[in-house]
Amino acid sequence: MDEPDAGEKTVAAENVCEEEKKNAGENFINREYIEGLLKEARNVDDGTIGRYLDKAENFEGLNHREIAALLVSDAPEHLQRIFDIAGKIKRRIYGNRIVMFAPLYVSDYCVNRCRYCSFNNGHSFTRRKLSMDEVREEVKILEKMGHKRLALEAGEHDGECPIDYILDCIHSIYGMKFENGAIRRVNVNIAATTVENYRKLKEAGIGTYILFQETYHEPTYTRLHPAGPKKDFVRHLTAFDRAQEGGIDDVGGGVLFGLAADPYFEVLGLMLHNEHLEERYNVGFHTISVPRLCSAPGMNLGEFPHLVDDAVFTKIVAVIRIAVPFTGMILSTRENRVMRNKLLQLGISQISAGSSTEVGGYMKGERREAANPQFLVNDERSAVSIISELMDDGHIPSFCTACYRSGRTGDRFMILAKSGQIRNVCLPNALMTLSEYSMDYGDDVFREKVAAIIDREVPEIADERIRRRTIANVEKIRASGERDFFV
Ligand code: SAM
């Protein structure tokens, strides 16, 4: 190619600068503002908190000042009301459905030094990434567990794990067809990247792009991420802006609780981030994840002085539920069974089950021994026992992926959620997919349990036409083995 002349060079250089500026983005987390809110919140009187709670009870969401006041309040009567309202919102908006998923770790190569993560570049272990045959083997095992929705996970390493490798994984997964269907939605949790790479992910048909900010407290972030591209706080913070620019309107945020000194600061950071996205793109987080720091090979949990205890964590989950009633909330197997059961009542709408956090972890039993999980999980039950116990506790495990497949992402999903139509859309989809699950993976006892749930829940579908359609489809699933119905 010919060299550009001097004039062209200037234009090209300007474009590069523009591109860099865009990639650098702006820091919209105002630390002094959040700290000021939390300081003020300590002086809010009981009567005022009561009024905030009255507002929350009407599903109106909360502003920053109100969220801060609820977070710092420790009075037992306020806490009880916070839990009651969170439970009410959960039941009213999401019903008793719980969406199921599993993580799939494809590569543990990483150039970053996140001090809490066992994939960090300073931790010495034999690293690997899955071949496409291995990806398919892992997916076969996940499919046998009944999963239809995966979260693809990887460390950051442009050399060993470039975007083309991630795209190959996604294509391999979507390309698999099983007797009982397919993986219908691949969410992606890979490191912050460029607009161009987000565009490629969008074209590959990903579900939600998930990225945890880890901590919104910049000095803490800087200390815990001393090397690699992830050390740039603003680059990480503005990843969703680039994702939007690349056409991804379905994003999920989160922080890793236990890193920053003040977990309430993190909740307000999440809120500011969500509002930034709402203001700019008309749609905030589709989901918020609430991971808590776990033990991991190569790191010592004792070196993290700000672990969040169960009581504070429970309050945080409930306050997030109240603050953003229409945002899905995700809880992983980082939490133990007791906490998971408790938090499902207070706002969690999606959980993982049967998870492995290591590359090749699902086929490990069959193939290999050496293992380096990213962190140690605290709920080691099999997927089927989690699903079965959820039903015993009155929940409806759901394998629904309908929104994604009907193009109901971004603001279209929010419109559905806010219109109260979840009952007429998500509930029938949950019942139909659970019915499929029971036929494909359940024994007689399991099927009876599911039949009882369907009998109990079908009358809850408000729209008569949809109710009838659901009954007819469940019958087809049982009798003729037809699959993949959704509204
Ligand atoms: N490498 C990508 C990145 O840097 O964003 C993808 C994320 S990684 C596969 C998934 C998440 O696991 C991280 O964002 C982090 O919050 C979480 N994680 C890492 N170490 C952890 C630990 N010790 N306990 C709990 N969660 C941890």
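Keep in mind that what you see is a predicted model, and the values were worked out from it rather than measured.

Visitor: Whenever I open this one, the packing of helix 4 (residues 64-72) against helix 12 (residues 263-281) confuses me. Can you help?
Guide: The geometry of a pair of packed helices is captured by two quantities: the angle between their axes and the separation between those axes. It is at 10 Å that the axes of helix 4 and helix 12 come closest, and there the two elements cross at 155°. On the basis of the axis angle, helix 4 is roughly antiparallel to helix 12. The two elements helix 4 and helix 12 cross, and the hand of that crossing is right-handed. Two secondary-structure elements touch here, helix 4 through His64, Ile67, Ala68, Leu71 and Val72 and helix 12 through Tyr264, Val267, Leu268, Met271, Leu272 and Glu275. Here the residues of the contact of helix 4 with helix 12 sort into nine nonpolar, one polar and one charged.

Visitor: I keep staring at the site of the ligand and nothing clicks. Help me out?
Guide: Near the ligand you find 21 residues, and of these Tyr116, Glu214, Lys230, Cys294 and Arg334 are the closest. Take Tyr116: an N or O atom from its main chain is 2.9 Å from a nitrogen atom of the ligand. A distance of 2.9 Å separates a nitrogen atom of the ligand from a polar atom in the side chain of Arg334. Relative to its free-state accessible area of 570 Å², the ligand is covered by the protein chains to the extent of 97%. Looking at the shell around the ligand, its residues break down into 13 nonpolar, three polar and five charged.

Visitor: Would you mind going over the packing of aromatic side chains with me for this structure?
Guide: To describe a pair of aromatic rings, you give the distance between the ring centres and the angle between the ring planes. Enumeration according to the criterion identifies ten aromatic pairs in this entry. For the pair Tyr105 and Phe119, a centre-to-centre distance of 5.9 Å together with 85° between the ring planes defines the contact as edge-to-face. Linking Tyr105 in strand 1 (residues 97-107) with Phe119 in the loop between strand 1 and helix 6 (132-144), this pair joins segments that are 14 residues apart in sequence. A single burial state applies to Tyr105 and to Phe119, both of which are buried. Pairing Tyr437 with Phe446 gives two aromatic rings, centres 5.5 Å apart and planes at 50°, and the pair type is tilted. We classify Tyr437 as buried; its relative accessible area is 3%. For Phe446, a relative accessible area of 6% puts it in the buried group. The rings of Tyr198, Tyr209, Phe240 and Phe285 are connected pair by pair, giving a single aromatic cluster.

Visitor: Explain helix 8 (residues 195-203) to me, please; I cannot follow it from the model alone.
Guide: Each α-helix turn comprises 3.6 residues. Residues three or four places apart therefore point the same way. Looking only at helix 8, the buried set comprises Val195, Asn197, Tyr198 and Leu201. The arc that holds the buried residues of helix 8, viewed along the axis, is 160°, so those residues lie on one side. With respect to the buried face of helix 8, the exposed residues turned more than 90 degrees away are Glu196 and Glu203. Directly after helix 8, the chain includes Gly205, whose backbone phi takes a positive value near 85°.

Visitor: Just to check I follow, could you spell out the side chain of Thr470 for this structure?
Guide: With respect to the helices and strands, the residue Thr470 is situated in helix 21 (residues 464-480). Within the local environment of Thr470, its side chain forms a polar contact with the backbone oxygen of Ile466, the two atoms lying 2.7 Å apart. Leaving out residues up to four positions away in the same chain, Thr470 has contacts with Pro428, Met432 and Ile461.

Visitor: Please explain the pairing of strand 1 as it appears in this structure.
Guide: Walk down a regular strand and you will see the side chains alternate between the two sheet faces. Judged by how many residues are buried, strand 1 sits mostly within the fold: eleven of eleven residues are covered. Here strand 1 runs beside strand 9 (residues 396-398); their pairing, made up of three bridges, is parallel. Bridging from a neighbouring strand, Ile98 pairs with Pro397 of strand 9. Relative to strand 8 (residues 350-352), strand 1 runs parallel, the two sharing three bridges. By the bridge assignment for strand 8, Phe101 is matched with Ser352. Examined bridge by bridge, strand 1 and strand 2 (residues 149-154) share five bridges and lie parallel to one another.

Visitor: Quick question: what am I supposed to make of the domain arrangement of the protein chain here?
Guide: How big an interface is tends to be reported as the loss of accessible area on association of its parts. Split by domain assignment, the protein chain resolves into domain 1 (6-29 + 91-380) and domain 2 (410-480). Computed over C-alpha atoms only, the centres of domain 1 and domain 2 are separated by 29 Å. Opposite the 20 residues of domain 1 that make contact, domain 2 presents 19 residues. Summed over both sides, the interface of domain 1 with domain 2 buries roughly 1500 Å², with 52% coming from carbon and sulfur.

Visitor: Looking at this model, I keep getting lost on unusual backbone geometry. Mind explaining?
Guide: The phi angle of most residues is negative, glycine excepted, and most peptide bonds adopt the trans form. A positive phi angle, near 60°, is found at Phe59, a position not held by glycine. Looking at where Phe59 falls in the secondary structure, it is placed in the loop between helix 3 (46-57) and helix 4. One non-glycine residue with positive phi stands out, namely Asn282, at about 70°. Structurally, Asn282 can be placed in the loop between helix 12 and strand 6 (287-289). Here Asn282 falls in the exposed class, since its relative accessible area comes to 59%.

Reading guide: rules and limits
- Residues numbered from 1 in each chain as written.
- Predicted model: local features only at pLDDT ≥ 70, side-chain atom pairs only at ≥ 80, totals over all residues.
- Heavy atoms only, no water.
- Axes fitted to C-alpha atoms, helices over the stretch in contact; angles between N-to-C directions.
- Helix = DSSP H or I, 4+ residues; strand = E, 2+ residues; numbered from the N terminus.
- Parallel < 35°, antiparallel > 145°, perpendicular 65-115°, else oblique.
- Left-handed = near helix turned anticlockwise from the far one by under 90°.
- Contact = heavy atoms within 4.5 Å.
- Nonpolar A, V, L, I, M, F, W, Y, C, P; charged D, E, K, R; others polar.
- Near = heavy atom within 4 Å.
- Polar contact = N/O pair within 3.5 Å; in protein donor to acceptor, adjacent residues only side chain to side chain.
- Areas by Shrake-Rupley, 256 points an atom, 1.4 Å probe, with all protein chains shown as cover.
- Phe/Tyr/Trp six-rings, centres within 6.5 Å; stacked < 30°, edge-to-face > 60°.
- Buried < 20%, exposed > 50% of the residue type's maximum accessible area, 1.4 Å probe, protein only.
- Arc of directions from axis to C-beta.
- Pairing = 2+ DSSP bridges.
- Domains from an automatic or database assignment.
- Buried area = accessible area lost by both parts, 1.4 Å probe.

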